[in-house]
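What follows is the residue order along each chain.
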Amino acid sequence: MDNENKELNEMINRGMEDLVKNDTEIDEKIENFVENGKKDEEPVDRDNSTVENNNEFNGYFHERDSLSVNNIVDEVKTSFLEYSMSVITSRALPDLRDGLKPVHRRILWSMFNSGYTPDKPHRKSAKTVGEVMGNYHPHGDSSIYEAMVRLAQDFNQRYMLIDGHGNFGNIEGDGAAAMRYTESRLAKISLELLKDIGKETVDMDDNFDATRKEPLVLPSRFPNILVNGSMGIAVGMATNIPPHNLGEVIDGCIAYIDNPEIDTMGLMEYIKGPDFPTGGIILGNSGIKKAYETGRGSITIRSKATIEEVGNHSNIIIDEVPYGVNTMELKNKVAELVHNKVIEGIADYHTDLKDGVKITITLKKDANPQVVLNNLYKHTNFQMNYGIIF
């Protein structure tokens with residue numbers, strides 16, 4: 001046992017000696033390298049920011065690459081501000097003048113420029129997406145197509161700007177068919193956004209590769225920002241503008257032109273409030289008034305429901321739902337509540353999307369329809385709050 005311990009100690013000592021020897025050799029090599037490097041090093045003119053050594057970078061350094069200038073805090077601050085402004089102005093938020101984000105504006109301009117107008121046949125959506133991506137919007141084709149699809153959905157747009165032909169999705173959450181299958185062209189109302197654009201009515205700018213011109217904003221003969229609304233989340237700010245009735249908005253504009261001193265209540269005589277594409281009933285007008293006066297507010301939207309007596313039971317018929325509600329998720333939520341016995345008295349639930357939205361809820365014989373309806377309002381999105389941010 002003593003011999004084994006002795007051999008083990010000798011091995012450890014030899015290993016330690018080798019480590020010390022290696023460390024000493026490494027230190028000597030580092031010192032020689034540093035000394036030789038200093039001898040060979042030539043002075044660098046930092047003002048010209050040029051490196052003469054052929055083994056190093058032989059270009060020009062930006063002044064921010066200097067250690068005296070490049071502070072990590074300032075760099076992060078500057079870069080983040082530049083990114084924020086890019087997101088705010090060129091991606092997420094609409095322009096007040098035409099109510100469009102850059103991708104929507106480029107889609108409409110490209111279709112107009114290519115002649116896909118309402119008096120012409122529908123063209124393949126893939127062709128439009130390719131033209132937009134190749135000429136004006138150098139981003140992913142899927143994001144362009146999704147923006148285009150939204151402009152053609154009657155449950156998202158109060159007044160559709162694109163006339164779609166084919167499967168463009170539905171309010172149940174089913175997505176549109178692939179762009180190679182669907183077809184599209186401009187809707188008639190879109191021509192009012194683009195009218196007289198060839199008469200130097202708006203400023204034009206170079207596209208991303210300076211081969212074409214694109215409008216910075218569309219002429220917009222009606223206030224699309226109010227008519228169709230918009231929703232966007234940028235960096236440090238967001239907007240959620242509800243859609244309004246076109247006739248009411250035009251009447252309000254005329255009233256404002258006739259009387260620039262008109263107040264909020266005066267305008268609300270013409271513009272009663274938001275007008276959603278899926279309908280619904282807005283409870284009260286205090287939230288609308290607050291939103292119009294301060295730019296922020298919240299309104300409560302309730303589904304439009306009627307109770308029908310059929311034989312020995314009742315049916316609840318809902319043909320208008322709050323804006324942005326997915327009817328399939330709504331159905332699943334009701335099924336969950338019935339399964340958990342939070343809501344009782346429902347025998348069947350059926351959704352019909354052939355002509356708008358029609359939800360038929362069949363009740364049991366002994367169920368009180370008004371109690372069931374109130375529970376639906378309380379526990380589901382048949383009634384919901386909608387936040388307004390101008």
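Predicted model, so just to flag it, every value in this text is computed and none were measured. (Residues numbered from 1 in each chain as written. Predicted model: local features only at pLDDT ≥ 70, side-chain atom pairs only at ≥ 80, totals over all residues. Heavy atoms only, no water.)

## As for the sheet that holds strand 1 (residues 123-124)
Basically, it comes down to this: Two strands make a pair as long as DSSP finds a minimum of two bridges between them. A run of H or I in DSSP becomes a helix once it reaches four residues, and a run of E becomes a strand once it reaches two; helices and strands are each numbered from the N terminus. The contact rule is simple, with two residues in contact once any of their heavy atoms fall within 4.5 Å. Axis angles are defined between N-to-C directions and span 0 to 180 degrees, where every axis is a line fitted to C-alpha atoms and, for a helix, only to the segment in contact.
Reading across the sheet, the 3 strands line up as 1-3-2 and stay open at both edges, with antiparallel pairing between neighbours. In this open sheet, the two edge strands, each paired with only one partner strand, are strand 1 and strand 2 (162-165). Pairing between strand 2 and strand 3 (residues 183-186): 4 bridges, direction antiparallel. Residue Gly164 lies in a different strand from strand 3, and its bridge partner there is Ser184. Packing against the sheet, helix 3 (residues 102-114) makes contact with strand 2 and strand 3, and its axis sits at approximately 90° to strand 3.

## Brief notes about the sheet that holds strand 10 (residues 304-310)
Pairing is antiparallel in the open sheet, where 4 strands are placed in the order 10-11-13-12. This sheet does not close on itself; its edge strands, each paired only once, are strand 10 and strand 12 (346-352). Strand after strand, the sheet turns through a mean of 20° between neighbouring axes, direction not considered. Note: strand 12 against strand 13 (residues 358-363), 6 bridges, orientation antiparallel. Pairing of Asp348 across the sheet is with Thr362, part of strand 13. Each of strand 12 and strand 13 touches helix 11 (residues 327-339); the most contacted strand, strand 12, lies at about 175° to it. The strands touched by helix 12 (residues 369-379) within the sheet are strand 10, strand 11 (313-320), strand 12 and strand 13, with strand 11 carrying the most contacts at an inclination of about 35°.

## Quick word on helix 3
Since one α-helical turn is 3.6 residues long, residues separated by three or four positions face the same way. So the rule is basically this: Here, expected helix span is obtained from the residue count minus one, scaled by 1.5 Å. Relative accessibility under 20% of the residue-type maximum defines a buried residue, over 50% an exposed one, and the middle range a partly exposed one, all with a 1.4 Å probe and only protein chains included.
A rise of 1.5 Å per residue sets the reference length of helix 3, with its 13 residues, at 18 Å; its end C-alpha atoms lie 18 Å apart and thus fit the reference within 8%. Counted residue by residue, helix 3 has 10 buried out of 13 residues, so it is predominantly covered. Of the residues trailing helix 3, Gly115 is marked for its positive phi of about 85°.

## Describing the side chain of Lys101
The condition is simple: Residues counted as positive are Lys and Arg, residues counted as negative are Asp and Glu, and His and the chain ends are not counted. By definition here, a salt bridge exists when the distance from a side-chain nitrogen of Lys or Arg to a carboxyl oxygen of Asp or Glu is within 4 Å. Here a polar contact is taken to be a pair of N or O atoms separated by no more than 3.5 Å, where protein atoms must pair a possible hydrogen donor with a possible acceptor and residues adjacent in sequence count only if both atoms sit in side chains.
Along the chain, Lys101 turns up in the loop between helix 2 (72-92) and helix 3. The charged side chain of Lys101 is buried without a salt bridge, its nearest counter-charge being Glu146 at 11 Å. Side-chain polar atoms of Lys101 contact the backbone oxygen of Met231, separated by 2.7 Å. For Lys101, the residues in contact, after removing those within four places along its chain, are Arg91, Ala92, Leu93, Pro94, Ser230, Met231 and Gly232.

## Some details on the confidence of the model for the protein chain
What counts here: Confidence of the predictor at the level of single residues is given by pLDDT, which spans 0 to 100.
Looking at the protein chain, pLDDT values average 88 and 82% of them are 70 or higher. Under a pLDDT of 50 for its full length, residues 46-53 has, in the predicted model, 13 contacts with residues more than four places off or in other chains.

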